[in-house]
Amino acid sequence: MVDTDARRLALRMHEAFNARDVAAADRIFAPDFHSHPLRGGVDAVKAAWTAMFAADPAIRTVVEDVLVDGDRVALRSTVHRGGEAAGAGTTMLEVFRVAGGRIAELWGAVAADRSPR
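The following paragraphs examine the structure supplied in this document. (Residues numbered from 1 in each chain as written. Predicted model: local features only at pLDDT ≥ 70, side-chain atom pairs only at ≥ 80, totals over all residues. Heavy atoms only, no water.)

**Structural notes on the overall build of the protein**
- The helix and strand inventory of the protein stands at 3 helices and 5 strands.
- Seen in sequence order, the protein has helices and strands lined up from the N terminus as α-α-β-α-β-β-β-β.
- Out of the 117 residues in the protein, the part that is buried amounts to 38%.
- Sequence separation of 24 or more characterises 47% of the internal contacts of the protein that already satisfy a separation of 6 or more.
- Carbon and sulfur atoms make up 56% of the accessible area of the protein, which totals about 6400 Å². (Helix = DSSP H or I, 4+ residues; strand = E, 2+ residues; numbered from the N terminus. Buried < 20%, exposed > 50% of the residue type's maximum accessible area, 1.4 Å probe, protein only. Contact = heavy atoms within 4.5 Å. Areas by Shrake-Rupley, 256 points an atom, 1.4 Å probe, with all protein chains shown as cover.)

Shown next as structure tokens:
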């Protein structure tokens, strides 16, 4: 996989989330995918996305940075929830491993980010 493919896959994951396209997870994540934060696979991602959409129908992510090194992608994004003031949001950091054109493994962390840019 070339860097542009891994970058495109990272962006596709966030596009699917923002489009509420839970079914796309089956095409984005490998069948043996493992999420370390969720301690599960593709079904855990789909359940988490569905719960997030139910809890906050206005939730969305904005990708800020994508760094690619071989089969690893690091992503910094901002999670915006409904009702938040402009400039507010939660910073999310994700690192994932790509294999066979899909996300095979994911690590992640979140931190509140209220500072102006």
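Having seen it, we continue.
**Side note on the environment of aspartate 32**
- On the secondary structure map, aspartate 32 appears in strand 1 (residues 29–35).
- With relative accessibility at 62%, the residue aspartate 32 sits in the exposed group.
- Between the C-alpha atom of aspartate 32 and that of isoleucine 103, which follows or precedes it by 71 residues, the distance is 9.5 Å.

**Notes on the packing of aromatic side chains**
- Applying the stated criterion across every chain yields a total of 4 aromatic pairs.
- Pairing phenylalanine 17 with phenylalanine 53 gives two aromatic rings, centres 4.9 Å apart and planes at 50°, and the pair type is tilted. Pair noted here: phenylalanine 17 is in helix 1 (residues 3–18) and phenylalanine 53 is in helix 3 (residues 42–55), with a separation of 36 residues, a long-range link. As far as the burial class goes, phenylalanine 17 and phenylalanine 53 line up, both buried.
- Pairing phenylalanine 29 with tryptophan 49 gives two aromatic rings, centres 6.4 Å apart and planes at 65°, and the pair type is edge-to-face. Within this pair, whereas phenylalanine 29 is found in strand 1, its partner tryptophan 49 is found in helix 3, the two being separated by 20 residues in sequence. Taken as a pair, phenylalanine 29 and tryptophan 49 share a single burial class, namely buried.
- By the ring-pair criterion, three or more aromatic residues cluster together here, those being Phe17, Phe29, Phe33, Trp49 and Phe53. (Phe/Tyr/Trp six-rings, centres within 6.5 Å; stacked < 30°, edge-to-face > 60°.)

**Focus: unusual backbone geometry**
- One non-glycine residue, arginine 20, lies in the positive phi region at around 60°.
- Within the element layout of this structure, arginine 20 appears in the loop between helix 1 and helix 2 (25–28).
- On the basis of relative accessible area, arginine 20 is assigned to the partly exposed category, the value being 30%.
- The residue arginine 39 is not glycine, and still its phi comes out positive at about 55°.
- Assignment of secondary structure puts arginine 39 in the loop between strand 1 and helix 3.
- Judged by its relative accessible area of 74%, arginine 39 falls in the exposed class.

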